[in-house]
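One letter stands for each residue in the lines below.
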Amino acid sequence: MLEKRPLGSSDLSLTVLGIGTWAIGGSGWAYGWGAQNDSDSIQAIHSALDLGINWIDTAPVYGLGHAEEIVGKALQGRPDVIVATKCGLNWDSQKSVFGCLRPKNLRKELEASLKRLKRDCIDLYQIHWPDPAGEIEDAWSTLSKFVEEGKVRAIGVSNFSVKQMTRIASIAPITSLQPPYNILRPEIERDILPHCQEHHIGVVAYSPMQCGLLTGTWTHKRIHQLPDTDWRKTKNPSFQEPELGANLQLVESLKGIAEEENLTPAQLAIAWVLRNKVLTSTIVGMRSKEQAENILSLKSWELNMNAFQAIETGIAQRIQTLKLSKAQKPQ
Ligand SMILES: NC(=O)c1ccc[n+]([C@@H]2O[C@H](COP(=O)([O-])OP(=O)(O)OC[C@H]3O[C@@H](n4cnc5c(N)ncnc54)[C@H](OP(=O)(O)O)[C@@H]3O)[C@@H](O)[C@H]2O)c1
């Protein structure tokens, strides 16, 4: 059974894995993940829930409303699943995405999300990005009103710095932060995680497999063959040179470590994230039943010290490779 941890000071208790829904928003917008079949998405959600996950993370911007609609459909008859969504990223008639945190707009967004999700109340409502940064205080007071009105159970932020969390903390308590965290992106260990631990802010970390790159299924050729509608090919630096070569080299070493531990590379990447006990949970993107089953076939997420040390060696080698390739670049 998957372990559950309390989310900050709220009464929500989350399994250490949550279901991520960015990719199931599909294509048709600037940050799509190429074509996605809706029935595959619904099957992925159902099998992840049946295998023990108790919460799902989504956002209006994923597929410009589409991911929330799929979540609403998939959760029909499953009222106990904890639903987290976000606000603050809007889109215009040209499908261009922009940040807006004005109170009137947030209220409109909340109503639209409740409708798409087919719920009367959202369990965790999060500000997606501190954008525009000058509006975060007003936005946070607005979210706290949603709690008083009973439309939202708990409120959190995503992609906020320590400074930004400090700015809003006196207005209303912050239940959770949603930051990026994985083998390639450990930056939050420096100041963000200590701050969250000290202030009892729950942490639901995203992209544990760096958008799939750490699953061991990628090669230069496969990335080259991705459609232009997959943002990873066109906009994600981890999938592009100068980082890509060093990243794939690291993934090769992760494959060996995973085999020794009798894990899949995807499971190893997630176990590395979960070894950090400051985290409440990590959000895992799954596009099919097979991906959900592959990840959730693991019974214990404890990572042994040898594996951890071998990963650290791989990380150090990657940094060295990147430094060398930078030094060799003609000036
Ligand atoms: N707050 C924010 O700003 C923010 C930002 C990013 C993400 N998030 C949230 O966090 C969630 C997770 O992050 P993420 O989706 O970016 O990245 P991720 O969880 O690191 O990777 C997910 C991708 O890995 C691939 N995959 C999944 N299981 C696999 C398996 N067993 N074997 C091989 N490949 C597998 C799938 O893509 P392919 O099959 O196409 O490779 C899947 O879409 C998102 O869905 C979203 O809910 C939030």
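Structure: see above.
Residues numbered from 1 in each chain as written. Predicted model: local features only at pLDDT ≥ 70, side-chain atom pairs only at ≥ 80, totals over all residues. Heavy atoms only, no water.

S.K.: Lay out the site of the ligand with the relevant residues and their values.
M.R.: In the vicinity of the ligand lie 31 residues, with Asp57, Met209, Arg232, Arg287 and Gln291 positioned nearest. In the environment of the ligand, a nitrogen atom lies 3.5 Å from a nitrogen or oxygen atom belonging to the side chain of tyrosine 62. Interatomic distance of 3.1 Å between a side-chain N/O atom of asparagine 294 and a nitrogen atom of the ligand. Here the ligand, which alone exposes 890 Å², has 94% of that area covered by the protein. Listing elements by their share of the shell around the ligand, those giving two or more residues are strand E12 (281–285) and helix H11 (289–296). (Near = heavy atom within 4 Å. Polar contact = N/O pair within 3.5 Å; in protein donor to acceptor, adjacent residues only side chain to side chain. Areas by Shrake-Rupley, 256 points an atom, 1.4 Å probe, with all protein chains shown as cover. Helix = DSSP H or I, 4+ residues; strand = E, 2+ residues; numbered from the N terminus.)

S.K.: Quick rundown of helix H1 (residues 38–50)? Include the residues and the values.
M.R.: The end-to-end C-alpha distance of H1, which contains 13 residues, comes to 18 Å, matching closely the 18 Å that a straight helix rising 1.5 Å per residue would cover. Those residues of H1 that sit buried are Ser41, Ile42, Ala44, Ile45, Ser47, Ala48 and Leu49. Of the surrounding secondary structure, the elements contacted by the buried residues of H1 are strand E3 (17–20), strand E4 (55–57), helix H2 (66–74) and H11. Two residues or fewer after H1 comes glycine 52, characterised by a positive phi angle close to 115°. (Expected span 1.5 Å × (residues − 1). Buried < 20%, exposed > 50% of the residue type's maximum accessible area, 1.4 Å probe, protein only. Contact = heavy atoms within 4.5 Å.)

S.K.: Outline the sheet that holds E4, supporting the account with residue identities and numerical values.
M.R.: Consider a sheet: its strands pair through backbone hydrogen bonds, and that pairing is either parallel or antiparallel. Spatially, E3-E4-E5-E8-E9-E10-E11-E12 is the arrangement adopted by the eight strands of the closed barrel, whose pairing is parallel. With direction set aside, neighbouring strand axes in the sheet form an average angle of 30°. Two elements, strand E9 (residues 152–158) and strand E10 (residues 176–178), share three bridges in a ladder whose sense is parallel. Across the sheet, the residue bridging to valine 157 is leucine 177, located in E10. (Pairing = 2+ DSSP bridges. Axes fitted to C-alpha atoms, helices over the stretch in contact; angles between N-to-C directions.)

S.K.: Explain the nonpolar core to me, and be specific about the residues and the numbers.
M.R.: Residues Leu17 and Ile295 are the most contacted members of the largest nonpolar core, which totals 96 residues. The leading source of residues in this core is helix H10 (residues 265–274), at eight residues. In contact with leucine 17, not counting residues within four places along its chain, are Leu2, Ile53, Trp55, Ile270, Leu274, Ser281, Thr282, Val284, Ile295, Leu296 and Trp301. Counting residues in each nonpolar core, the second largest holds eleven residues, with Trp55, Ile82, Leu124 and Val204 among its members. (Core = buried A, V, L, I, M, F, W, Y, C linked by side-chain atoms within 4.5 Å.)

S.K.: Kindly report on unusual backbone geometry, identifying the contributing residues and their values.
M.R.: Of note, the amide linkage connecting aspartate 131 to proline 132 takes the cis form, showing an omega dihedral of 0°. Looking at the element boundaries, proline 132 is found in the loop between strand E8 (122–127) and helix H4 (136–148). The omega torsion of the bond from glutamate 241 to proline 242 falls at 10°, within 30 degrees of zero and hence cis. Following the sequence through the fold, proline 242 ends up in the loop between helix H8 (231–235) and helix H9 (243–261). A positive phi angle, near 50°, is found at leucine 64, a position not held by glycine.

S.K.: Account for the side chain of threonine 85, naming residues and giving values.
M.R.: Mapped onto the secondary structure, threonine 85 falls in strand E5 (residues 82–87). With relative accessibility at 0%, the residue threonine 85 sits in the buried group. Of note is the side chain of threonine 85, whose polar atom sits 3.4 Å from the backbone oxygen of threonine 58. Apart from the residues within four sequence positions on either side, threonine 85 is in contact with Thr58, Ala59, Pro60, Glu68, Ser113, Leu117, Ile122, Leu124, Tyr125 and Gln126.

S.K.: I'd like a description of the side chain of serine 158, backed by residues and values.
M.R.: Inspection of the secondary structure puts serine 158 in strand E9. You can call serine 158 buried: its relative accessible area is 1%. At 3.4 Å, the side chain of serine 158 forms a polar contact with the backbone oxygen of histidine 128. Beyond its immediate sequence surroundings of up to four residues, serine 158 is in contact with Ile127, His128, Trp129, Pro130, Leu177, Gln178 and Tyr206.

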